[in-house]
Amino acid sequence: MKTEQKYRVAPPGFTLEQWKTFNEDGIIFIEDAISDEDIQTYIDAIDRVAAANPKYTQGGYLGMQNIVERDPVFTNLIDHERHVGYAYDLFGELLKLHQSQFFLRPPGGKQYNQWHPDGARALPYGVFSPKLPLQIKIGYWLTDLPREKMGNLVVLPGSHRHQYMDGYDTHKSIPGEMVVCPRRGTVTVMHSSIWHRVEPNESAVVRYNIFVAYCPSWLTPADRFHSLPEWLETLNREQRIIMRSYSNAYHNAKPPASHFPLFLERDSGIEADEGAYQEHVELHRRKRQTMHERLDLLGENNQEQNVI
């Protein structure tokens, strides 16, 4: 089913190698993904929003949420071609922005956090989705962090498959951990269930970074209830859809027909899976396969051919 080009084709997402690493480790690293010009634009926007916060003290720690509504530079991250394809590969036509944050972690060594997964604690996401994440977090690293104790992210690769770990609620170093030392301009894509913590910053450098997290539309957002209608009117079509600021609660599970397709299929440019439904079935009622479903089906077909 070809359609007019009034809709955008889905931006690039996981390569097969990235998808394998993501499943094995729970995190992937994309170096040199952000230009020096864009890095400075993001840093300037962080400084601008921080300076307007009456609770912020120059040179102090600051973490802010729902940043996409605070500055147009951050608004553009909602559907940015640099990263939104990774989220679309997982959550497809029901893609939603879960959370947007920036952090200023200055020297001082006091601002760190303990081992935890993202999302719920009493019933972690992995209870309901043991294979796939119910949230992925895109990290924009805007500062060179060449060594430990610079406010680094610390992860335990492969731990997204486990709901328990002895280091939980502690900040202690554990065997197998990875202290992330990214170059500025690196983008990370992180599974919500990977266990992680943040090191203190004992350097002379302020750590700047941005996180943009995504989830399926039926998961509750993490940093807002609803967005201002006046602000939503300033967004493009895809941004408005991805924010999922519905007045009808059930639209979170069954979005309105006008919200389909969110994107056209990446390779074919079509708006629905071919041959899956009879023509009378309306587009918004049709299930569309996500990237991982296509790969699983391809693997099953390959196995059948090998058996034959």
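Just above sits the structure.
**Notes on the overall build of the protein**
And step 1. Counting its regular elements, the protein contains 8 helices and 10 strands.
And step 2. A globule of 308 residues ought to have a C-alpha radius of gyration of about 19 Å, and the protein, at 20 Å, matches this closely.
And step 3. With the principal axes as the frame, the protein shows a C-alpha extent of 65 × 55 × 40 Å.
And step 4. Going through the 308 residues of the protein one by one, you find that 51% of them count as buried.
And step 5. A separation threshold of at least 6 residues defines the contact pool for the protein, and within that pool the share at least 24 residues apart is 84%.
And step 6. Of the roughly 15,500 Å² that the protein leaves accessible, carbon and sulfur atoms contribute 51%.

**A closer look at the sheet that holds strand 8 (residues 186-191)**
And step 1. Strand order in the open sheet made by the 6 strands is 1-8-5-10-3-2, with antiparallel pairing throughout. Single-partner strands in this sheet number two, and they are strand 1 (27-30) and strand 2 (62-65). Each adjacent strand pair in this sheet contributes to an overall mean axis angle of 15 degrees, direction not counted.
And step 2. With 6 bridges joining them, strand 5 (residues 136-141) and strand 10 (residues 207-216) adopt antiparallel strand pairing. Within strand 10, the residue paired with Gly139 across the bridge is Phe211.
And step 3. The sheet strands contacting helix 1 (residues 16-25) are strand 1, strand 5 and strand 8, and the helix crosses strand 1 at an angle near 140 degrees.
And step 4. Sitting on the sheet, helix 2 (residues 36-51) touches strand 2, strand 3 (95-105), strand 5 and strand 10, and the angle it makes with strand 10 is about 90 degrees.

**What about the sheet that holds strand 4 (residues 113-116)?**
And step 1. If you walk across this open sheet you meet the 4 strands as 4-9-6-7, and the pairing is antiparallel. Only two strands of the sheet have a single partner each, and these edge strands are strand 4 and strand 7 (178-179).
And step 2. As paired elements, strand 6 (residues 153-155) and strand 9 (residues 196-198) share 3 bridges and run antiparallel to each other. Across the sheet, the residue bridging to Leu153 is Val198, located in strand 9.

**What about helix 1?**
And step 1. When we look at burial in helix 1, the residues that qualify are Gln18, Trp19 and Phe22. For helix 1, the buried positions fall inside an angular range of 100 degrees around the axis, keeping them on one side. Turned more than 90 degrees away from the buried face of helix 1, the exposed residues are Leu16, Glu17 and Lys20.
And step 2. Once helix 1 finishes, Gly26 follows within two positions and takes phi at roughly 90 degrees, a positive value.

**Considerations on the nonpolar core**
And step 1. In this structure, Phe74, Leu142, Ile210 and Tyr214 are the most contacted members of the largest nonpolar core, which totals 52 residues.
And step 2. Of all the elements, helix 2 adds the most residues to this core, at 7 residues.
And step 3. If sequence neighbours within four positions are ignored, Phe74 has contacts with Tyr42, Ala45, Ile46, Val49, Ile67, Val68, Phe102 and Ile210.
And step 4. Within the second largest apolar cluster, 11 residues are counted, among which are Ile27, Met150, Val155 and Ile194.

**Observations regarding the environment of Thr15**
And step 1. The residue Thr15 is located in the segment before helix 1 in this model.
And step 2. Separated by 206 residues in the primary sequence, Thr15 and Pro221 have C-alpha atoms spaced 28 Å apart.

**Considerations on the packing of aromatic side chains**
And step 1. Scanning the entire structure with this criterion turns up 10 aromatic pairs.
And step 2. Their ring planes at 70 degrees and their centres at 5.6 Å tell us that Tyr42 and Tyr140 sit as a pair that is edge-to-face. A residue pair is termed long-range when its members are at least 10 positions apart, and Tyr42 in helix 2 and Tyr140 in strand 5 qualify at 98 residues. When sorted by exposure, Tyr42 lands in the same class as Tyr140, which is buried.
And step 3. Among the aromatic side chains, those forming a connected cluster through ring pairs are Phe14, Trp19, Phe22 and Tyr86.
And step 4. Stacked on the ring of Phe103, the Lys or Arg Arg105 has its end atom at 4.9 Å from the ring centre.
And step 5. The ring centre of Phe211 lies 5.4 Å from the NZ or CZ of Lys137, which sits over that ring.

**Describing the pattern of salt bridges**
And step 1. Inspection of every chain in the model, using the stated rule, returns 19 salt bridges.
And step 2. In this structure, Arg82 and Asp38 form a salt bridge, with 2.8 Å as the shortest nitrogen-oxygen distance. With Arg82 in the loop between helix 3 (72-75) and helix 4 (84-91) and Asp38 in helix 2, the pair connects residues that are 44 residues apart, well separated along the chain.
And step 3. Residue Arg82 is classed as buried on the basis of its relative accessible area, which comes to 16%.
And step 4. Here the residues in one salt-bridge network are Arg8, Asp79, Glu81, Arg237 and Glu238, joined through shared partners.

**Describing the pairing of strand 5**
Side chains on a regular strand alternate between the two faces of the sheet.
And step 1. Burial analysis of strand 5 places 6 of its 6 residues in the buried class, which makes it a mostly covered element.
And step 2. Residues Ile136, Ile138 and Tyr140 of strand 5 are buried on one face, and the alternating residues Lys137, Gly139 and Trp141, pointing to the opposite face, are buried as well.
And step 3. Two elements, strand 5 and strand 8, share 6 bridges in a ladder whose sense is antiparallel. Bridging from a neighbouring strand, Trp141 pairs with Thr186 of strand 8.

Scoring rules and cut-offs
- Residues numbered from 1 in each chain as written.
- Predicted model: local features only at pLDDT ≥ 70, side-chain atom pairs only at ≥ 80, totals over all residues.
- Heavy atoms only, no water.
- Helix = DSSP H or I, 4+ residues; strand = E, 2+ residues; numbered from the N terminus.
- Rg over C-alpha atoms; globule rule 2.2 N^0.38 Å.
- Buried < 20%, exposed > 50% of the residue type's maximum accessible area, 1.4 Å probe, protein only.
- Contact = heavy atoms within 4.5 Å.
- Areas by Shrake-Rupley, 256 points an atom, 1.4 Å probe, with all protein chains shown as cover.
- Pairing = 2+ DSSP bridges.
- Axes fitted to C-alpha atoms, helices over the stretch in contact; angles between N-to-C directions.
- Arc of directions from axis to C-beta.
- Core = buried A, V, L, I, M, F, W, Y, C linked by side-chain atoms within 4.5 Å.
- Phe/Tyr/Trp six-rings, centres within 6.5 Å; stacked < 30°, edge-to-face > 60°.
- Lys NZ or Arg CZ within 6 Å of the ring centre and 35° of its normal.
- Salt bridge = Lys/Arg side-chain N within 4 Å of Asp/Glu carboxyl O.

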